[in-house]
Amino acid sequence: MAKLLVIHGPNLNMLGNREPEHYGKLSLDEINKLIIKHAKKNPTECFQSNAEHEIIDKIQTCKADYLIINPGALTHTSIAIRDALIAVKIPFYEVHLSNIYARESFRHISYLSDIATGVVSGLGHFGYLAAIDAALASQS
């Protein structure tokens, strides 16, 4: 059994209301329920924050085997989150609900992708489930 931590970054608490054409109609609570159900018996914690330092603190104190992170807009700006992920040496998957490469050019830049175990972009909430599947399959 693998322990999973799913981190949702800024503004993801607004899912279901915020730009559903990009992010879908499900709320964050609905997505978290799907994540926990999909992870089956693997202990899974879901965490969301609009504050970069809280996300960094969560990464630094993480005891999970795998981390799945949708850093939201911090994807394109946070060297501090990158440094925290490097420091803890926990395999992680970067997830984006929308296809960041079909959007504004500034969204094409990620400070995390090159150090991630995998990146999922544009699959909506299914991206989280794909990342869980990949993480659990890698332990076999």
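Sequence order as written defines residue numbering, which begins from 1 separately in each chain. Residue-level local features of this predicted model are given only where pLDDT is at least 70; pairs of side-chain atoms are given and counted only at 80 or more, and the full residue set underlies all totals for whole chains, interfaces and linings. Based on all heavy atoms of the structure, the side-chain values leave hydrogens and waters out of the count.

(A) Structural detail: the overall build of the chain. For the chain, the helix and strand inventory stands at five helices and five strands. A radius of gyration in this sense is built from C-alpha atoms; the matching globule rule multiplies 2.2 Å by the number of residues raised to 0.38. The C-alpha atoms of the chain give 14 Å as radius of gyration, which agrees with the globular expectation for 140 residues (14 Å, within 12%). Dimensions of the chain, computed from the C-alpha atoms along their principal axes, are close to 35 × 30 × 25 Å. Relative accessibility decides the category of a residue: with a 1.4 Å probe and only protein chains considered, values under 20% of the type maximum give buried, values over 50% give exposed, and everything between is partly exposed. Across the 140 residues of the chain, 47% fall into the buried class. Taking the intrachain contacts of the chain between residues at least 6 apart in sequence as the baseline, contacts between residues at least 24 apart amount to 77%. Surface accessibility follows the Shrake-Rupley procedure with a 1.4 Å probe radius. Residue values consider only the protein chains on display as shielding. Counting every atom, the chain has about 7000 Å² of accessible surface; 54% of that belongs to carbon and sulfur. Note that His is not counted, nor are the chain ends; the positive residues are Lys and Arg, and the negative ones are Asp and Glu. Where a charge lies is defined by one atom per residue type, namely NZ (Lys), CZ (Arg), CG (Asp) and CD (Glu). In the chain, which carries 13 positive and 14 negative side-chain charges, the distance between the mean positions of the two groups comes to 7 Å. Numbering of helices and strands runs from the N terminus; a helix is a DSSP stretch of H or I covering at least four residues, while a strand is a stretch of E covering at least two. Here, two residues are considered to be in contact whenever any of their heavy atoms come within 4.5 Å of each other.

(B) Just the UniProt feature "binding site: substrate" (unreviewed entry) in the chain, in detail. Under the present numbering, the feature "binding site: substrate" (unreviewed entry) in UniProt falls on Asn 70, His 76, Asp 83, Leu 97, Ser 98 and Arg 107. The residue His 76 is located in the loop between strand S3 (66-70) and helix H4 (79-88) in this model. Locating Asp 83 in the fold gives a position in helix H4. The exposure class of Asp 83 is partly exposed, given its relative accessible area of 43%. UniProt positions are given in the numbering used here, feature names are shortened, and annotations may be inferred rather than shown by experiment.

(C) Inspection of a nonpolar patch on the surface at higher detail. By definition, no residue in a patch forms a salt bridge, and every one has over 30% relative accessible area; like charges are joined within 9 Å, nonpolar side chains (Val, Leu, Ile, Met, Phe, Trp, Tyr) within 5 Å. The term salt bridge refers to a pairing of a side-chain nitrogen on Lys or Arg with a carboxyl oxygen on Asp or Glu at a separation within 4 Å. A cluster of nonpolar residues, Ile 79, Ile 109 and Tyr 111, forms a patch on the protein surface that exposes about 270 Å² of accessible area. For Ile 109, the location among the structural elements is in the loop between strand S4 (92-96) and strand S5 (118-121). In this structure Ile 109 comes out as partly exposed when scored by relative accessible area, which is 48%.

(D) Spatial organisation of the pattern of salt bridges. In the structure shown here, the tally under the stated rule is three salt bridges. A salt bridge links Lys 58 to Glu 45; the shortest N-O distance between them is 2.5 Å. Here Lys 58 is found in helix H3 (residues 52-60), whereas its partner Glu 45 is found in strand S2 (residues 44-48), with 13 residues between them in sequence. We classify Glu 45 as partly exposed; its relative accessible area is 35%. One salt bridge in this structure joins Asp 114 and Arg 82, with 2.7 Å as the shortest N-O distance. With Asp 114 in the loop between S4 and S5 and Arg 82 in helix H4, this pair connects stretches of sequence that are 32 residues apart.

(E) Looking closely at helix H2 (residues 28-38). Among the residues of H2, those classed as buried are Leu 28, Ile 31, Asn 32 and Ile 35. The buried side chains of H2 occupy one side of the element, clustering within an arc of 100° when seen end-on. Exposed side of H2, more than 90 degrees from the buried face: Lys 33 and Lys 37 are the residues found there. On its buried face, H2 sits against strand S1 (4-8), S2 and helix H5 (126-138). Arc definition: it is the arc formed by the directions from the helix axis to the C-beta atoms.

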